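Coordinate inspection notes
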Amino acid sequence: MATPADVLQDSDARRAGGAAGAVTLTLRIRRFNPEISQDSWWDEFTVEADPLDRLVEVLHQVKWYHDGTLSFRRSCAHGICGSDAMLINGRNALACKVLVDDVGPRVTIEPIRGLAVLKDLIVDMDPFLEGYRTVLPFLINDSGEPDKERLQSAEERARFDDTTKCILCAACTTSCPIFWGDEGYIGPAAIVNAHRFIFDSRDEGSRERLKILSEKTGVFRCRTTFNCTDACPRGIQVTKAIQEVKRSILFDRF
Amino acid sequence: MATTIERSTTSGDGAPRPPRDYTRGSERPVGGFELWMWLFMRISGIVLLVLALGHTLIMHLPSGGVDRVDFGFVATRWASPFWRSWDWMLLTLALIHGINGLRNITLDYVRKPGTRFAANMVFYVLGFTLFVLGTIIVVTFDPSNWPPVA
């Protein structure tokens, strides 16, 4: 399986080798507009693109020169804001981190699954963010204000380093079959952000978070399908983080 | 002029809002039912692998297969408390494992709480009935109480 790092290395190698000229790209985009129809439909666009263009640039080309009604979210376009997660050729990814060269001459683009589609590629993120809020994703420390910083050793910091990378793009949660079936499940992204504080030595709210994650909507709904780990554009070992939370609930109670 | 961003300490109506206590208060346990069922599924899964595979190898595969299983076969087999215990554990673990699996499937796919409750109740009643019937047989079976087989 190609990790995001492999994909980047491949792209670098191609860039160094010099990819030749423009390619013709056929985009199949799942459209939805409740003001026109309650059903979704497919639109096809044929555009010229550089093999090293990112897919978000191709979507801009469609929106600016072919069909201005095409709607999608994007902000930074550099893989940090987490706005442009979409289902690209059947896999969740950020349109700004996928190159034309990576997806071939035919690309199918759909909105991420499991959340209500508002228009075209824009989904209602509220249930996703509700799950995120549930796990108290902020520092809880009642020991009083310290004089200076709350100090932490390099090892203590490394313990939760992986889960600090989350950008809340929802690629993991909307690739999870449990979340598709039941949006009451708080989902991998919320667990990742709980993990980030549970294993932070400065935080004192772990017990409360572990209680929340022990509930019927919590970590024990996870079936370890690894879809989330595959989908994460930041390379977070999502399933590993979920397993660490389960393990913590099982063993830290004794 | 620099803008000072202050943390809001009042609720909408201007009344002071007490700080929420996240670390104490609720008496919910860490873990609880979902943890124990999750753990049970893993342990019973491993035990069932031995019990069910052993059951298949002994009862179904040797020459004759299930055709040689008759009253006499069962009577001889169940003369030993070991095989009674084996079969009773297979019955109990498979029922709980299977019915918890069904409960999880209803959690995944049955969205209406009422329908989910009804479906789960059917599973629980069915499972409990099978468990009671099976247990009665395992505990009380005595070949001498049955009419002789021709």
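All residue numbers here refer to positions counted from 1 along the written sequence of the relevant chain. The naming scheme follows written order: chains are lettered A onward, ligands numbered 1 onward. Whole-chain, interface and lining totals are the exception, using all residues; otherwise, since this is a predicted model, local features are given only for residues with pLDDT of at least 70 and side-chain atom pairs are given and counted only at 80 or more. For side-chain calculations, the full set of non-hydrogen atoms in the structure is used, while hydrogens and water are omitted.

Quick look at the overall build of chain A
A helix here means a DSSP run of H or I that spans at least four residues, while a strand means a run of E at least two residues long, and both kinds are numbered starting from the N terminus. The number of helices and strands found in chain A is ten helices and seven strands. Along the longest, intermediate and shortest principal axes, the C-alpha atoms of chain A span 60 × 45 × 35 Å. Working definition: with a 1.4 Å probe on protein chains only, accessible area under 20% of the residue-type maximum means buried, over 50% means exposed, and in between means partly exposed. Per-residue burial for chain A yields a buried fraction of 47% across its 254 residues. Whether two residues touch is decided by their heavy atoms; if any such pair falls within 4.5 Å, the residues are in contact. Taking contacts inside chain A between residues at least 6 apart in sequence as the whole, the part at least 24 apart equals 63%. With the model as given, the accessible surface of chain A reaches about 12,100 Å², and the carbon-plus-sulfur share is 50%. Taking the 33 positively charged and 38 negatively charged side chains of chain A as two groups, their mean positions are separated by 4 Å. Reported accessibility uses the Shrake-Rupley method at a 1.4 Å probe radius. Residues are deemed covered only where the shown protein chains occlude them. The convention is simple: Lys and Arg are positive, Asp and Glu are negative, and His and the chain ends are not counted. A charged residue contributes its charge at one atom only: NZ of Lys, CZ of Arg, CG of Asp or CD of Glu.

Some details on the packing of helix 3 (residues 81–109) of chain B against helix 4 (residues 113–140) of chain B
All names here are of chain B. Note on geometry: axes are lines fitted to C-alpha atoms, helical ones only across the stretch in contact, with angles between N-to-C directions running from 0 to 180 degrees. The N-to-C vectors of helix 3 and helix 4 enclose an angle of 180 degrees; their axes lie 10 Å apart at closest approach. By the criterion of interaxial angle, the relationship of helix 3 to helix 4 is roughly antiparallel. In this classification, the charged set is Asp, Glu, Lys and Arg, the nonpolar set is Ala, Val, Leu, Ile, Met, Phe, Trp, Tyr, Cys and Pro, and all remaining amino acids, among them Gly, are polar. Looking at side-chain class alone, the contact of helix 3 with helix 4 contains 14 nonpolar, six polar and three charged residues. Under this scheme an angle from 65 to 115 degrees is roughly perpendicular, one under 35 degrees roughly parallel, and one over 145 degrees roughly antiparallel; angles in between are oblique.

Some remarks on the interface of chain B and chain A
Every contact between the two is made by 22 residues of chain B and, on the other side, 26 residues of chain A. In total, about 2,400 Å² of surface goes out of reach between chain B and chain A, with carbon and sulfur atoms giving 54% of it. Here, a salt bridge means any side-chain nitrogen of Lys or Arg that lies within 4 Å of a carboxyl oxygen of Asp or Glu. The interface formed by chain B and chain A contains two salt bridges. Polar contacts, as used here, are pairs of N or O atoms within 3.5 Å; protein pairs need one atom able to donate a hydrogen and one able to accept it. Residues neighboring in sequence count only if both atoms are side-chain atoms. Taken together, the connections running from chain B to chain A amount to four residue pairs in polar contact (both at pLDDT 80 or more). Breaking the side of chain B that touches chain A down by element, the ones donating at least two residues are helix 1 (33–59) and helix 3 of chain B. A breakdown of the residues in the side of chain B that touches chain A according to their chemical character gives nine nonpolar, five polar and eight charged. Two parts placed together each lose some accessible area under a 1.4 Å probe, and adding up what both lose gives the buried area.

Looking at helix 10 (residues 238–251) of chain A
Between its first and last C-alpha, helix 10 of chain A extends 20 Å over 14 residues, near the 20 Å set by a 1.5 Å rise per residue. Across the 14 residues that make up helix 10 of chain A, a large majority, ten, are buried. Residues of helix 10 of chain A that are buried include every one of A:Val238, A:Thr239, A:Ala241, A:Ile242, A:Glu244, A:Val245, A:Lys246, A:Ser248, A:Ile249 and A:Leu250, and no others. Where helix 10 of chain A is buried, its residues meet helix 7 (187–198), helix 8 (206–213) and helix 9 (227–231) of chain A together with helix 1 of chain B. To estimate the expected span of a helix, subtract one from its residue number and multiply by 1.5 Å.

Section: unusual backbone geometry
Residue and element names in this part refer to chain A. One non-glycine residue, Ala77, lies in positive phi territory at about 65 degrees. Following the sequence through the fold, Ala77 ends up in the loop between helix 2 (55–66) and strand 3 (85–88). When its relative accessible area of 14% is taken as the criterion, Ala77 is described as buried.

Focus on the domain arrangement of chain A
Residue and element names in this part refer to chain A. For chain A, the domain assignment lists domain 1 (4–123) and domain 2 (126–252). Each domain's limits were defined by an automated method or a database of domain assignments. The gap between the C-alpha centroids of domain 1 and domain 2 is 29 Å. Taken together, the contacts link 14 residues of domain 1 with 18 residues of domain 2. Together, the buried faces of domain 1 and domain 2 total about 1,200 Å²; carbon and sulfur atoms form 60% of this surface. Taken as a group, Asn92, Arg113 and Leu115 account for 38% of the area that domain 1 buries against domain 2, more than any other trio of residues on that side.

Concerning the packing of aromatic side chains
To pair, rings of Phe, Tyr and Trp, with the six-membered ring standing in for Trp, must have centres within 6.5 Å; the planes then decide the type, stacked if under 30 degrees apart, edge-to-face if over 60, and tilted in the middle. Enumeration over the complete set of coordinates arrives at seven aromatic pairs over all chains. Aromatic side chains A:Phe220 and B:Trp38 sit 5.1 Å apart centroid to centroid with 50 degrees between the ring planes, which places their arrangement in the tilted category. Of this pair, A:Phe220 sits in the loop between helix 8 and helix 9 while B:Trp38 is found in helix 1, placing the two residues in two different chains. The same class applies to A:Phe220 and to B:Trp38, which are both buried. Between the aromatic rings of B:Trp88 and B:Phe131, the centroid separation amounts to 6.1 Å while the plane-to-plane angle is 55 degrees, which identifies the pairing as tilted. Residue B:Trp88 is located in helix 3, and its partner B:Phe131 is located in helix 4; the two are separated by 43 residues in the primary sequence. Take B:Trp88: its relative accessible area is 31%, and that puts it in the partly exposed class. According to the relative accessible area criterion, B:Phe131 is partly exposed, its value standing at 26%. Taken together, B:Phe71, B:Trp78 and B:Phe141 form an aromatic cluster joined through their ring pairs.

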